[in-house]
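Reading the structure
Here are the chains, one letter per residue:
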Amino acid sequence: MKHIKTINNATLKNSLAKGGCGECQTSCQSACKTSCTVANQSCENK
Amino acid sequence: MIHKYTMYDTNIVLDVNSGAVHVFDDAAFDVVGLYKNETRKQIIESLSEKYSGQVIEDAYEEISELESKGLLFSEDAYSDALNKWERKPVVKALCLHICHDCNLRCKYCFASTGSFGGHRTMMDLDTGKKAIDFLIEKSAGRRNLEVDFFGGEPLMNFDVVKGIVEYARIREKESGKNFRFTITTNAVLLNEEIKDFINKNMHNVVLSIDGRKETNDKMRPRVDGSGTYDRILPKIQDMAESRNQDNYYVRGTFTRENLDFSEDVLHLADQGFKQISIEPVVAAKDSGYDIREQDLPKLFEEYENLAREYVKRDSEKCGFNFFHFMIDLQQGPCVIKRLGGCGSGHEYLAVTPEGDLYPCHQFVGDEKFKMGNVHEGVFNSDSQKDFQKSNVYTKKDCAECWAKFYCSGGCAANAYQFNNDINVPYKIGCELEKKRVECAIWIKTQE
């Protein structure tokens, strides 16, 4: 493509198929304790 | 739904529902803004003074191609996903309030400088053990369990921390669980023995410091009013080095007293720290420290400046991680996790020194949120289900927000504190979160 560069594909949709195992870290335990951020967590079930 | 924005001359387009991220040139960026409201012919006319017909045609074709591949304007496929995944609530993480007392008197403290509005008390070992038993019992088939030693200041009751870790290590073998411990400390009482224990046993350590000496000492004084920066900085530096600059965070808070907080972040980076989190205060309205709407333009500028410096330092091989700029676009959490958020009140609970259970550390002390007690074996699972049901689709403001899959609906405690309802997000928090996500994605486009 000349006008558009894709940095990331449809990862969210793909994660629906095998998601939801719940083994990942609870976001508030990582650092924040006051501000919810989830997208910086990693998946335990790759 | 798409979200488009320009940051430092980079045009970025997010396809909200697929998670796709694109960088557009100016022509395509202008075309995509009109794509859903005008016909191809109308768009060519509208933009004819800026671009040739061929350029517009080409950009239009590329947008159409991405749309047909589900990478632009994709449909929301998740609104009923949680129903499909609905299951018995499981507790997988506890925040243990080891000590409702503190050796500091931080002015913005949401825990009333350690007491959480009650008496200054310590958790005993028996309560800690009961909490571990409770977690194992309520975690059902979940293997990875987390326990955070929190306060007040947990180092004031460190023997109990050691006893709980020892007990949990015995119980994890027989129950087939994997405990991950973290501790959140102000570092004042940190010594060699405690450091060694933490390094052997804790998956993560959160070390509180606000940044520059003047910032830190103004907000984080001792009981006698003296500052702590000079005492804690070398201890925290030593701790970070002893963990090879990984699996820790230096964690600070900014208030409207230091809206130039990017200077505090960079100060910590200049002291050699590689894992940094400086976050906005959650203070009561009109407490004097709370972030107000009129502060937002300055704070947006600060985040943008920080993002630029972040990329620059990374390119010079002296980069650092800033917690709120870390986004894993490729292998981040699944969409189920992103719909539900932090898990407070169902997956994640707080335990007070008396063994009382609350939806999270920020609800502690508000009696109407008390969910039970580990000694009495009482647990209000109806309340747990209410928290479990709360997600980005039960929050009206979130359903239409482009950032919902990055922040996952925000902090329930903030929502309750400001709007008296866990399903009505704290607006200033939302605005800051959106700016951080924009910066984080811009940083990804610079890699």
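Residues numbered from 1 in each chain as written. Chains lettered and ligands numbered in written order. Predicted model: local features only at pLDDT ≥ 70, side-chain atom pairs only at ≥ 80, totals over all residues. Heavy atoms only, no water.

Quick notes on the pairing of strand E10 (residues 248–254) of chain B
Residues and elements named next belong to chain B. Counting buried positions over the seven residues of E10 gives seven, a clear majority of the element. Residues Tyr248, Val250, Gly252 and Phe254 line one face of E10 and the alternating positions Tyr249, Arg251 and Thr253 line the opposite face, and both faces are buried. For strand E9 (residues 202–208) and E10, the ladder comprises four bridges, and the chain directions are parallel. Residue pairing across strands places Ser208 opposite Arg251, the latter belonging to E10. Bridge analysis of E10 against strand E11 (residues 275–280) gives five bridges, and the strand direction is parallel. What sits directly across from Phe254, in E11, is Pro280. (Buried < 20%, exposed > 50% of the residue type's maximum accessible area, 1.4 Å probe, protein only. Helix = DSSP H or I, 4+ residues; strand = E, 2+ residues; numbered from the N terminus. Pairing = 2+ DSSP bridges.)

Description of helix H10 (residues 262–270) of chain B
Residue and element names in this part refer to chain B. Here H10 lies mainly inside the structure; seven of its nine residues are buried. Residues of H10 that are buried: Ser262, Asp264, Val265, Leu266, His267, Leu268 and Ala269. Looking at the buried residues of H10, the elements they touch are helix H8 (213–219), helix H9 (229–242), E10, E11, helix H11 (296–315) and strand E12 (321–322). (Contact = heavy atoms within 4.5 Å.)

Description of the confidence of the model for chain B
Where the model shows low pLDDT, its predicted coordinates should not be examined in detail. Per-residue confidence for chain B gives a mean pLDDT of 94, with 99% of residues at or over 70. On the interface metric, ipTM, the complex scores 0.92, and its pTM is 0.95. (pLDDT = per-residue confidence, 0-100.)

Comments concerning the interface of chain B and chain A
Across the contact, 81 residues belong to chain B and 42 residues belong to chain A. Summed over both sides, the interface between chain B and chain A buries roughly 5300 Å², with carbon and sulfur atoms accounting for 54% of that surface. Applying the counting rule to chain B against chain A returns two salt bridges. Among the salt bridges present, the one from Glu44 of chain A reaches Arg180 of chain B, with a minimum N-O distance of 2.7 Å. Summed over the shared surface of chain B and chain A, the result is 26 residue pairs in polar contact (both at pLDDT 80 or more). Element by element, the count of residues in the side of chain B that touches chain A is highest for helix H3 (residues 53–68) of chain B, at seven residues. Looking at the side of chain B that touches chain A, its residues break down into 40 nonpolar, 22 polar and 19 charged. For strand E1 (residues 4–8) of chain A and strand E3 (residues 20–24) of chain B, the ladder comprises four bridges, and the chain directions are antiparallel. Looking at the pairing, Asn8 of chain A lines up with Val21 of chain B of E3 of chain B. (Buried area = accessible area lost by both parts, 1.4 Å probe. Salt bridge = Lys/Arg side-chain N within 4 Å of Asp/Glu carboxyl O. Polar contact = N/O pair within 3.5 Å; in protein donor to acceptor, adjacent residues only side chain to side chain. Nonpolar A, V, L, I, M, F, W, Y, C, P; charged D, E, K, R; others polar.)

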